[in-house]
Structure formats: C-alpha cells, structure tokens
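Chain residues, written in single-letter form:
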Amino acid sequence: MPKVLIIGACGQIGSELTFKLKDIYGSENVVASDIGYNNLDVVNSGIFEIVDAQDYNSVKVCVDKHNIDTIYLMAAMLSATGEKYPMKAWNLNMDSLFHVLNLAKDGFIKRIFWPSSIAVFGPTTPKVLTPQHTIMEPSTVYGITKQVGERWCEYYHKKYGVDVRSLRYPGIISWKTMPGGGTTDYAVEIYHQALLDAHYDCFLSEETELPMMFMEDAIKATLDLMQAPSEALTVRSSYNLAAISFTPKEITEAIKKHIPNFDISYSPDFRQQIADSWPKSIDDSKAREDWNWHPDYDLKKMTSEMIEQLRKKYAKPVTE
Ligand code: SER
C-alpha cells in the first residue's frame, strides 16, 4: 500500500484527488497538506499537515513523519495569476518541483505525480489536434514553468531513474472547489453564474475554443497513470491528455438546455491573449496507447452533472 502525500490538497484538483486517494488506499495512508487551512472539508477529512512546498525542509519533515513514498505535487500558481506575479509563479512552480524531484533522487520517496498543462504550448504550436511532440514556445510565465518542469522531469527520470509521471491537463471543470487564477476558469464560473444570476459576463470572446475536461475524467487519468506499470510509460516529460473542446458560445448553448433564460455577454480581458496562444484541441493518442486512456464525459453529460450538483449545493441553507 503506498503512503501518499498530496501537496496543495486544498485546491481545485488537490481536494478531489485527496478524497479519491483516501477511498482507494484508506484514510490512514493519505496525508493531505497545504500552505494553510484553506479547505475545511479537506482539513477535517483525516490527516492534514501544513507544508510549505517552497521549503525543502517543510516537505522533508512531513515525508519522514508519515513514511511517505508517493507525492502528488498539486501546488502551483496558474496562468492568469502568474502573469501578475511572474517571479512568484516561477519560484513557487520550480522550487516545489525541485524539492520533490530531489527527494526522489535521494531515495526518500519512490514516485511523483506532477501536473503539466496545455499552457506548455504557445502561438507557434499547431492549434488543432496538437501533437505530443511539437513546437513549444509558451508565452506565459506559467507555461514556461511547466515546459521547463517537463524537461527536468524527463532529465531526472533518465539520469537518476526517478519515477515521475505527468499529464498536460486541459482546463478542469468541477463543482466542489473553485479553480483559482487560471484562464480556463470561465468554464466553471459560467455554471455558477447561470444558476445564481442566469447571466454571465465572460472574460473570453465567444469563439475562443479551448481543450477542457470534467474533474471525474481528470482524476481517473491521474490515477490510471500513477497505477500503470513503469515499463508501459514511453513519455516521461508529460502526456497530452484530451476530452472535450468547446467555445464559450457552445457551453452557453449546452447550459441553455437546462436554464433556457440564461444569457451571456463578452468582455474579453488580458486572459484572451493567453487563451489565443493555446491549442484548440489535443492529440492524446500516446496516453491512449500507453495506458488505455479514454474520457467518459462530453459537454452534454458534464453540463447535466454540473447543473445537478450545483443546484443541490445552492439549495442548501448557508450555515456559516
Ligand atoms: N487551467 C490552467 C489555466 O488556465 C491551464 O492549465 O491556467
């Protein structure tokens, strides 16, 4: 049974990963950690530690205390916030990765999951069905950290035998925890606003097509990759991963099937330029070949689930 540490467990993906890992491995084998008590559901769900991902000793103390052998490093500053705080994004995203890579290199842990992103691609990358291996000239600080991080992951694997595994996540859509500071966040906000206001003012233009994925699929991909036999994995930088691609206009149409009076307006801001530099769709055939990846959710199915779950959430009386 692995002994797992999730760093960044209070975030959008980290929180759901934490609950899923507890289901699979048992609560006693999963340690959730974050820089603060930022998600009480996670904090109160079992073992929780305050860990500063940028401080090697903070991570090492936690690894030693709980005999951790596997780390999911989910702490990161995303694309939109990264453009506001370039050096902070660089330092957080790179320091944290080096700390876990070095823990593995020095034999303290055995396996790492580290998320990369579609942000590794840039304006010169082919936009439709972007291949696994292609031109990568990211134009955001976030994208630069992910691309450089991928190079280091592959380097540590080849040079030191570190078992690090990675996925290039598209925009992740979920209803439990809000995303923070990303360019794809509109595709989560839109569902909340549809239910609260029947209106959403979108920060991207109506024809901006981006690769997206429902959280269930993202978690499934992450766990499938982590459980795959090492020898099956031919990509040690980061796997392309795809599910759905849509525009703000298309997601609006899907929401209108449930909320007919929903309407959208468009006020593109600085995030438009980031979105315009990213692919519209991704070729994930390597992931399909190597570890049998396939998504379960399309836009219609995801929209039904999002609306159903958020309706329940907003129907609950506010207790705090
Ligand atoms: N969802 C991320 C962002 O928008 C992309 O990985 O920054």
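Data block above holds the structure.
I will try to describe carefully the structure that is included in this document. (Residues numbered from 1 in each chain as written. Predicted model: local features only at pLDDT ≥ 70, side-chain atom pairs only at ≥ 80, totals over all residues. Heavy atoms only, no water.)

1. Quick notes on the nonpolar core
The tendency in soluble globular proteins is for nonpolar side chains to be buried side by side.
Move 1: I173, Y186, Y191, F246, I251, I255 and M302 are the most contacted members of the largest nonpolar core, which totals 40 residues.
Move 2: At the level of elements, α7 (186-197), β10 (199-202), β11 (210-214), β13 (244-246), α9 (248-256), α10 (271-276) and α12 (299-315) are the ones that each hand at least two residues to this core.
Move 3: Ranked by the residues each element gives to this core, the list is headed by α7, at six residues.
Move 4: Residues within four places of I173 in sequence aside, it is in contact with Q12, A187, V188, Y191, M212, M213, F214, M215, F246, M302 and M306.
Move 5: One finds A9, L17, L225 and L241 within the second-largest nonpolar core, a separate group that totals 35 residues. (Core = buried A, V, L, I, M, F, W, Y, C linked by side-chain atoms within 4.5 Å. Buried < 20%, exposed > 50% of the residue type's maximum accessible area, 1.4 Å probe, protein only. Helix = DSSP H or I, 4+ residues; strand = E, 2+ residues; numbered from the N terminus. Contact = heavy atoms within 4.5 Å.)

2. Section: the site of the ligand
Move 1: What surrounds the ligand is the set L78, S79, S117, Y142, G182, T183, T184 and W278.
Move 2: The side chain of S79 places a nitrogen or oxygen atom 2.6 Å from an oxygen atom of the ligand.
Move 3: A distance of 2.6 Å is found between an oxygen atom of the ligand and a backbone nitrogen or oxygen belonging to T183.
Move 4: Contact with the protein chains hides 94% of the accessible area of the ligand, taken as 240 Å² for the molecule alone.
Move 5: A per-class count over the shell around the ligand returns three nonpolar, five polar and no charged. (Near = heavy atom within 4 Å. Polar contact = N/O pair within 3.5 Å; in protein donor to acceptor, adjacent residues only side chain to side chain. Areas by Shrake-Rupley, 256 points an atom, 1.4 Å probe, with all protein chains shown as cover. Nonpolar A, V, L, I, M, F, W, Y, C, P; charged D, E, K, R; others polar.)

3. With respect to the environment of Y56
Move 1: Relative to the assigned elements, Y56 resides in helix α3 (residues 56-65).
Move 2: The exposure class assigned to Y56 is partly exposed, which follows from its relative accessible area of 26%.
Move 3: As for Y56 and I13, which are separated by 43 residues in sequence, their C-alpha atoms are 23 Å apart.
Move 4: Those residues in contact with Y56, other than ones at most four positions away along the chain, are H99, L103, D106 and F108.

4. Some words on the pattern of salt bridges
Move 1: Tallied over the entire structure, the rule returns 15 salt bridges.
Move 2: In this structure, R165 engages D163 in a salt bridge whose closest nitrogen and oxygen atoms are separated by 2.9 Å. In this pair, the class of R165 matches that of D163, namely buried.
Move 3: One salt bridge in this structure joins R288 and D284, with 2.7 Å as the shortest N-O distance. (Salt bridge = Lys/Arg side-chain N within 4 Å of Asp/Glu carboxyl O.)

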